Amino acid sequence: MKISVIGCGYLGATHAACMADLGHEVIGIDVDPTKVAKLNAGEVPFYEPGLDEVLARALASGRLSFTTSWDDVANFADIHFLCVGTPQKLGSYAADLQYVDSAIAALAPLLTRPALVIGKSTVPAGTAQRLAEYLEHHAPVGAQARLAWNPEFLREGFAVEDTVRPDRLVYGVSDDESAALLAQVYAPVTVHGMPVIVTNPATAELVKVAANSFLATKISFINAMAEICEVAGGDVAVLADAIGHDTRIGRRFLNAGVGFGGGCLPKDIRAFQARVGELGVSHAIDFLDDIDAINLRRRQKVVDLALAAVGGTFAEKTIAVLGAAFKPDSDDVRDSPALDIAASISNAGAHVRVYDPKAMANAALRFPKLEYAPTIEIAVAGSDVVLHLTEWQEFRSVDPATLTPLVRNAHVIDGRLCLDATAWRAAGWTYEALGRPTA
Ligand code: UGA
């Protein structure tokens, strides 16, 4: 099938490469000519494990290209996947839909033959209906320009796997023809036999924000338990294992620590609250305010622990921060707890030195005043406390004994609860972790 992918960020570039690799003919469009040139040259503009190989294969097959031209897109494809970002609006909880709206405004007047536009971006409930009406009125082909919503559930770090083997597919459609087209597009994926849910567009939009709200709730629930463990003498890691054995609860997404960040969970729970407020039922998800607050409190807790560890003042102190990405196997620093903590401590007067295996270039763009070290060893040299804030394998496997002689004060705060406490203590470190006993 001939498809276009509109917006070539984490979601769109992965979707375009995977769809072409699965046998479709694909054109990707992005407003950023540098990104388009890189993708055409086989260069992934961000870090995503495995995507470079899929992109190389897809380009070599001749089935994939990238452009900045809307005419190319409209001439080439009959199915258009909408994969642009929907970030948080400045000064508001609501989603900023300007990229969605401008993509549809650019495409609609060029749709002179029947087409299906498939939204994948995370949007407030009701957006699909509004865009469907817009297409019907602005596309020369009128009602033959259809719209469906097919939310994306991919996780950064596992983007390729989640695209070619998703755990479910959701088709939000208003007519059988659109459902049939979606089934055809995803035929190479559904051969693996995952569940396909066919529903209306509003449900499909809501499935996505409900899923991310549930995940955020799970994380904040365990972080609330961590707060309690800290004062009651409990160990939240053991508690998570123990409740996780109950299959109704499950152990996944119960890792306590500095909480959730990234370009999705934080802004999605806020946009959901904004939209539900507009719909007049904000009380239904008032609890998401607490979920957000618990999450942000964990960041402050690390700042407080670091301050206590260095004797109550950050002046003249050097703090080493291991991790800048919002999670491992990603170079994404959007709303990263690690960087947020690093910036707060720097603003409070400490000298902060950050090391991350992949995210330092993005981090430096956002926080140029922090110092970035090329290795763990250089990051921790002469430091008064080490903060472990993104659980890269490199940090989990470092031998703490090699770091002990480098630091001024061997004190580590594990914000991700996955360093080997026994090994760090044996190497002479004071090991502290959120929600766990210190001794
Ligand atoms: C999330 C969802 O997991 C995807 O299903 C969804 O498609 C995506 O958002 C999206 O909306 O596009 P992602 O943001 O890539 O994916 O990252 P997650 O793996 O969900 O992690 C989010 C944050 O939660 C990270 O900062 C991570 O460190 C944190 N987290 C995760 C915890 O603190 N504890 C956990 O147990 C799990």
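Everything discussed here concerns the structure shown above.
A brief structural summary. Note that this is a predicted model, so its numbers are computed, not measured. (Residues numbered from 1 in each chain as written. Predicted model: local features only at pLDDT ≥ 70, side-chain atom pairs only at ≥ 80, totals over all residues. Heavy atoms only, no water.)

**With respect to helix α13 (residues 287-309)**
We apply this condition: Secondary structure follows DSSP: runs of H or I at least 4 residues long count as helices, runs of E at least 2 residues long count as strands, and numbering of each begins at the N terminus. Take the residue count of a helix, subtract one, and multiply by 1.5 Å to get its expected span. Whether a residue is buried, partly exposed or exposed follows from its accessible area with a 1.4 Å probe, protein chains only, as a fraction of its type maximum: under 20%, in between, or over 50%, in that order. Contact criterion: two residues are considered in contact whenever any of their non-hydrogen atoms come within 4.5 Å of each other.
The end-to-end C-alpha separation of α13 is 33 Å, in line with the 33 Å expected for 23 residues at 1.5 Å each. Along α13, the residues classified as buried are L288, I291, D292, I294, N295, R298, R299, V302, V303, L305, A306 and A309. The inward-facing, buried residues of α13 contact α10 (201-232), α12 (265-278), α14 (337-347), β12 (385-388), β13 (411-414) and β14 (430-433). Positive phi appears at G311, one or two residues downstream of α13, with a value of about 90°.

**Some thoughts on the pattern of salt bridges**
Applicable threshold: Salt bridge, as used here, is a side-chain nitrogen of Lys or Arg placed within 4 Å of a carboxyl oxygen of Asp or Glu.
Counted under the stated rule, the structure contains 25 salt bridges. The shortest N-O distance in the salt bridge between D30 and K35 comes to 3.8 Å. The exposure class assigned to K35 is partly exposed, which follows from its relative accessible area of 22%. Taken together, the shared-partner salt bridges in this structure form one network comprising R146, D175 and E177.

**Details of the site of the ligand**
Quick reminder of the rule: If even one non-hydrogen atom of a residue comes within 4 Å of a molecule or strand, that residue is called near it. Polar contact criterion, stated in full: a pair of N or O atoms within 3.5 Å, where within protein one must be able to donate a hydrogen and the other to accept it, and residues adjacent in sequence count only if both atoms are side-chain atoms. Only the protein chains shown count as cover for residues, and all accessible areas are computed by the Shrake-Rupley method using a 1.4 Å probe. For this classification, Asp, Glu, Lys and Arg are treated as charged, while Ala, Val, Leu, Ile, Met, Phe, Trp, Tyr, Cys and Pro are nonpolar and the rest, including Gly, are polar. Reported domain spans reflect what an automatic or database domain assignment gives.
Taken together, 21 residues form the shell around the ligand, and within it F153, L154, E156, N212 and N255 come nearest. One of the backbone N or O atoms of L154 is found 2.8 Å from an oxygen atom in the ligand. Here the ligand, which alone exposes 710 Å², has 90% of that area covered by the protein. Within the residue set of the shell around the ligand, elements represented by two or more residues are α10 and α12. With 4 residues, the single largest contributor to the shell around the ligand is α10. Looking at the shell around the ligand, its residues break down into 10 nonpolar, 4 polar and 7 charged. When residues are assigned to domains, the shell around the ligand turns out to be shared by domain 1 (2-199) and domain 2 (201-439), each giving three or more.

**Side note on the packing of aromatic side chains**
Applied cut-off: When two rings of Phe, Tyr or Trp (its six-membered ring) have centres within 6.5 Å they constitute a pair, described as stacked for plane angles under 30 degrees, edge-to-face for angles over 60, and tilted for the intermediate range. For a Lys NZ or an Arg CZ to count as sitting over a ring, it must be within 6 Å of the ring centre and within 35 degrees of the ring normal.
Tallying each qualifying case throughout the model produces 6 aromatic pairs. On the basis of an interplanar angle of 40° and a centroid distance of 6.5 Å, the ring pair of Y47 and W392 is categorised as tilted. Taken together, the positions of Y47 in the loop between α2 (33-40) and α3 (51-60) and W392 in the loop between β12 and α17 (393-396) put the pair 345 residues apart, joining distant regions of the chain. W392 sits in the buried class, given a relative accessible area of 6%. Each residue in the set F81, Y171 and Y186 is aromatic and connected to the rest through ring pairs, giving one cluster. Sitting over the face of the ring of F158, R155 holds its NZ or CZ atom 4.2 Å from the ring centroid. When the ring centre of F153 is taken as reference, the NZ or CZ atom of R168 above it lies at 3.5 Å.

**Things to note about the environment of G257**
For G257, the position within the fold is in the loop between α11 (236-244) and α12. G257 gets classed as buried once you look at its relative accessible area, which sits at 1%. Residues in contact with G257, not counting those within four places in the same chain, are N223, R298, G415, L417 and L434.

**A word on the sheet that holds β12**
Put simply, the rule is: For two strands to be treated as a pair, DSSP must find at least two bridges joining them.
Strand order across the open sheet formed by 6 strands is β11-β10-β9-β12-β13-β14, with parallel pairing between neighbours. The open sheet terminates on both sides in strands that have one partner only, identified here as β11 (371-372) and β14. Where strand β9 (residues 318-322) lies against strand β10 (residues 351-355), 5 bridges are found, and the strand directions are parallel. The residue of β10 that forms the bridge with T318 is H351.

**Looking at unusual backbone geometry**
Phi is positive for D329, which is not a glycine, with a value near 60°. With respect to the helices and strands, the residue D329 is situated in the loop between β9 and α14. Here D329 falls in the partly exposed class, since its relative accessible area comes to 33%. One non-glycine residue, L417, adopts positive backbone phi at about 55°. Assignment of secondary structure puts L417 in the loop between β13 and α19 (421-426). Assessed through its relative accessible area of 14%, L417 is described here as buried.

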